[in-house]
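Architecture at a glance
If you want the building blocks of each chain, they are given just below.
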Amino acid sequence: MDTSEKLFEQACKVMPGGVNSPVRAYRAVGMTPRFIRSAKGAYITDVDGVEYIDYVGSWGPMILGHAHPQVLSAVAEVMQHGLSFGAPTGRETQLAELVVSMVPNIEMVRMVNSGTEAVMSAVRVARGATGKDKIIKFEGCYHGHSDSMLVKAGSGALTQGRPDSAGVPASIAENTLTATYNNLESVEQLLAANQDQVAAVIVEPVAANMGVVAPEEGFLQGLRVLCDQYGALLIFDEVITGFRLARGGAQEYFGVRADLVTFGKIIGGGMPVGAFAGTRKLMEQVAPTGPVYQAGTLSGNPVAMAAGLAQLTILNEQPKIYTQIERDAAWLAQQMCELEKEYHLGCTVNQIGSLLSVFFTEQTVTNYVGAKSSDTEKYAAYFRAMLKHKVYLAPAQFEAMFVSAAHTQQDLQATVDAARAVMAELSTEA
């Protein structure tokens with residue numbers, strides 16, 4: 001029994017499933033989770049000292065790599081003055097100003113503590129501002145674990161085969177309508193059938209919680225048109241895509257305006273933080289200036305604000321980072337496609353920006369149905385073999401790989417070499 005196995009056995013006695021977030025339990029890949037000791041750059045090291053090339057990146061925010069020296073320095077400096085005040089600090093304003101300067105179409109920001117909280121709050125603003133109750137979301141898109149969003153959800157809920165959750169009242173779920181990603185007709189049908197009842201359409205502009213699924217040409221633009229036509233707000237959930245696809249996130253990348261935008265850990269350099277943002281008119285609906293109540297004792301935590309300022313300043317001043325990581329991800333995706341042609345395992349590779357997924361299905365994956373056609377047992381075998389080759393992937397088929405600025409060409413080549421060996425092994429077994 002290695003150290004991770006011992007720690008997991010201990011954890012299972014005091015935490016549900018031995019973890020604090022379901023996907024970490026490795027149940028989808030039939031393993032004991034690796035317990036992590038440290039991380040730096042493109043590498044993560046477990047408690048037994050085994051080092052892996054990391055493509056999880058704390059689920060996205062480590063766009064510069066782990067333990068970036070400028071981020072660590074900023075955190076170390078502010079920690080000397082205290083960890084939390086529950087009172088305003090200047091860094092909150094500085095970070096909000098930086099976010100507003102980088103992201104198109106927003107004028108005000110409210111800091112929160114997680115992506116879940118950001119989405120929950122943005123939906124409340126949409127309902128409060130429009131006076132309507134219903135929300136349209138998409139099958140397989142994950143927007144956190146608030147009650148109204150756990151309907152046909154992605155990420156860990158999809159991985160466990162339970163895209164809905166016990167404990168969500170039917171009276172809440174009935175106000176969440178579900179459409180098909182990349183299908184505008186399904187959205188229009190819901191809007192027409194619920195005339196003047198839909199407060200907002202919420203979407204991951206790039207779906208990244210059923211694996212990576214990019215929007216087809218015209219899809220996001222069509223959502224904007226439909227929302228305007230039917231008097232609904234358009235919410236971009238950019239907990240993953242914000243500041244990762246581009247400086248200005250998906251709004252900049254695709255040239256589509258959202259009414260409200262949500263962000264996650266990337267704005268805090270990986271610290272527990274989130275935010276929601278929009279026009280001044282919408283955001284002034286939020287207390288204390290408006291009737292929509294939202295609060296948080298740790299919101300705008302000084303340590304998280306310092307980390308976020310450091311990371312976003314680098315991204316703002318060095319836009320070439322986005323060119324680099326998109327190029328690297330595209331190269332990696334192309335190499336994986338070439339390996340599939342050679343070994344015929346039945347894989348489909350999706351990539352956009354610095355995000356990619358290898359789906360174990362021969363179908364083109366453009367929505368939830370396509371993603372669900374994946375052979376999860378084959379992915380589990382692939383995951384376990386890649387881990388043996390020191391490549392750390394998400395322990396579930398329906399998650400993304402994240403390429404960071406810290407990944408070198410040598411790291412990428414080592415990953416391809418590992419994948420070649422693994423695919424050769426799996427094709428022999430098949």
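On a predicted model such as this, the values are computed, not experimentally measured, just so you know.

Criteria and cut-off values
- Residues numbered from 1 in each chain as written.
- Predicted model: local features only at pLDDT ≥ 70, side-chain atom pairs only at ≥ 80, totals over all residues.
- Heavy atoms only, no water.
- Pairing = 2+ DSSP bridges.
- Helix = DSSP H or I, 4+ residues; strand = E, 2+ residues; numbered from the N terminus.
- Contact = heavy atoms within 4.5 Å.
- Axes fitted to C-alpha atoms, helices over the stretch in contact; angles between N-to-C directions.
- Phe/Tyr/Trp six-rings, centres within 6.5 Å; stacked < 30°, edge-to-face > 60°.
- Buried < 20%, exposed > 50% of the residue type's maximum accessible area, 1.4 Å probe, protein only.
- 1 Å grid on protein atoms, 1.4 Å probe; cavity = no way out; pocket = protein on both sides within 12 Å on 5 of 7 lines; lining within 4 Å.
- Points joined across faces, edges and corners; volume = space filled by probe spheres on them.
- Nonpolar A, V, L, I, M, F, W, Y, C, P; charged D, E, K, R; others polar.

**Here we look at the sheet that holds strand β3 (residues 51–54)**
- With mixed pairing, four strands are arranged side by side in an open sheet as β1-β2-β3-β13. Edge positions in the sheet fall to β1 (36–40) and β13 (391–392), since each has one partner strand and no second.
- Examined bridge by bridge, strand β2 (residues 43–46) and β3 share three bridges and lie antiparallel to one another. Looking at the pairing, Y43 lines up with I53 of β3.
- Contacts from helix α15 (residues 409–429) reach β2, β3 and β13 within the one sheet, and its direction differs from that of β3 by about 100°.

**Here's the deal with the packing of aromatic side chains**
- Inspection of the entire model under this criterion finds ten aromatic pairs.
- Ring geometry for Y52 versus Y392: centroids 6.0 Å apart, planes at 45°, classification tilted. Of this pair, Y52 sits in strand β3 while Y392 sits in strand β13, placing them 340 residues apart in sequence. Across the pair, exposure class does not vary: Y52 and Y392 are buried alike.
- Judged by centre distance (6.1 Å) and plane angle (70°), the ring pair of F360 and Y379 falls under edge-to-face. Of the two residues, F360 sits in the loop between β12 (355–359) and α13 (368–372) while Y379 sits in helix α14 (residues 376–388), which places them 19 residues apart along the sequence.
- By relative accessible area, F360 is classed as buried at 2%.
- Relative accessible area serves as the criterion here: at 7%, Y379 is assigned to the buried category.
- Taken together, the ring pairs connect F138, Y181 and F219 into an aromatic cluster.

**Observations regarding empty space enclosed by the protein**
- Tallied over the full model, the rule gives four cavities of 30 Å³ or more.
- Put simply, the largest cavity is a space of about 70 Å³.
- What lines the largest cavity is L356, S357, V358, Y379, Y382, L393, A394, A396, Q397, E399, A400 and M401.
- Contributing elements (two or more residues each) for the lining of the largest cavity: β12 and α14.
- The biggest single contributor to the lining of the largest cavity is β12, with three residues.
- Within the lining of the largest cavity, the residues separate by chemical class into nine nonpolar, two polar and one charged.
- Within this model, the second largest cavity holds a volume of roughly 50 Å³.
- Taken together, G41, D54, G57, G60, M62, G65, H66, R244, F402, S404 and H407 make up the lining of the second largest cavity.
- Taken together, the residues of the lining of the second largest cavity sort by class into two nonpolar, seven polar and two charged.

**Description of the sheet that holds strand β14 (residues 401–402)**
- In space, the three strands of this open sheet follow the order β11-β12-β14, with antiparallel pairing throughout. One side of each edge strand has no neighbouring strand; the edge strands of this open sheet are β11 (348–352) and β14.
- Here two bridges tie β12 to β14, and the two strands are oriented antiparallel to one another. What sits directly across from L356, in β14, is M401.
- This element, helix α12 (residues 320–343), spans β11, β12 and β14 of the sheet and lies at about 170° to β11.

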